[in-house]
Amino acid sequence: TSAIRAARPLEHHRPSIFFIGRHEERKGLGILLAALRQSDLDVSCWVAGVGPDTAALRAEFGGDGRIEWLGTITEADKFARLRAASVSCAPSLHGESFGVVLIEAMAAGTPVVASALDGYRNVATDGVDALLVPPGDVDALSAALRRVLADDELARSLVERGAARADRFSMAALAEAYVGIYGRLAGGGVD
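Residues numbered from 1 in each chain as written. Predicted model: local features only at pLDDT ≥ 70, side-chain atom pairs only at ≥ 80, totals over all residues. Heavy atoms only, no water.

## A closer look at the pairing of strand β2 (residues 44-48)
Here comes step 1: A large share of β2 lies buried, amounting to five of its five residues.
Here comes step 2: Taking every second residue as pointing to the same face, both faces of β2 are buried, with Ser44, Trp46 and Ala48 on one and Cys45 and Val47 on the other.
Here comes step 3: For strand β1 (residues 16-20) and β2, the ladder comprises five bridges, and the chain directions are parallel. Following the sheet pairing, Ser16 is matched in β2 by Ser44.
Here comes step 4: Note on the crossover from β1 through helix α2 (residues 29-37) to β2: the handedness is right-handed.
Here comes step 5: Here β2 runs beside strand β3 (residues 67-71); their pairing, made up of four bridges, is parallel. Bridged to Val47 within β3 is Trp69.
Here comes step 6: Following the backbone out of β2, through helix α3 (residues 54-61) and into the adjacent parallel β3, one traces a crossover that is right-handed. (Buried < 20%, exposed > 50% of the residue type's maximum accessible area, 1.4 Å probe, protein only. Helix = DSSP H or I, 4+ residues; strand = E, 2+ residues; numbered from the N terminus. Pairing = 2+ DSSP bridges. Right-handed = clockwise from strand over helix to strand, strands pointing away.)

## Describing the sheet that holds β1
Here comes step 1: Ordered in space as β3-β2-β1-β4-β5-β6, the six strands form an open sheet in which the pairing is parallel. Whereas interior strands pair on both sides, the edge strands pair on one side only; in this sheet they are β3 and β6 (131-133). Shown here is a sheet whose adjacent strand axes are inclined to one another by a mean of 20°, direction ignored.
Here comes step 2: Along the sheet face, helix α7 (residues 138-150) touches β1, β4 (87-90), β5 (112-115) and β6 and points at about 165° away from the line of β6. (Axes fitted to C-alpha atoms, helices over the stretch in contact; angles between N-to-C directions. Contact = heavy atoms within 4.5 Å.)

## Description of the side chain of Glu96
Here comes step 1: If you trace the backbone, Glu96 turns up in the loop between β4 and α5 (100-108).
Here comes step 2: For Glu96, the side chain forms a polar contact with the side chain of Lys27, separated by 2.7 Å.
Here comes step 3: Aside from chain neighbours lying at most four places away, what touches Glu96 is Arg26, Lys27, Leu117, Gly119 and Tyr120. (Polar contact = N/O pair within 3.5 Å; in protein donor to acceptor, adjacent residues only side chain to side chain.)

Structure below.
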């Protein structure tokens, strides 16, 4: 979390939605792009990553000038974009065991809109530190993105609570928890 927070935000002059992930069906990029297509949001949509569906997605959505296809990016660029984005979107459909991408966005001070998958609910709580929508629901995703982008108070609340949530998953917090467990075990106690 400290490396993410230390990153210098990318300079840009337009609200932005950031997606990072493998371009495959389960990551839900097609759902995000469909939600963007049906909206009139004046945003940049930064799409980082590549995968087996990249060519098909670019063919279907490539005409939308709001989409910036970034390809593979460095960790430094990822952190700079996370720190600059107006919202980080993780529209996965299934197969997510834990939401590291959500924790990174929360640590960056970026509001999160994601699918309400069990793995993501291990990290985020709908309406508290993220907005969670039913997986694959284009309308719900579009509405959640619009809501975060239009409601500054909501965005600030999600950022504030998200930062606290990210701190609970920081390496320092995890190390402290492990030290406590080992201390109790070494002292003869059971966790």
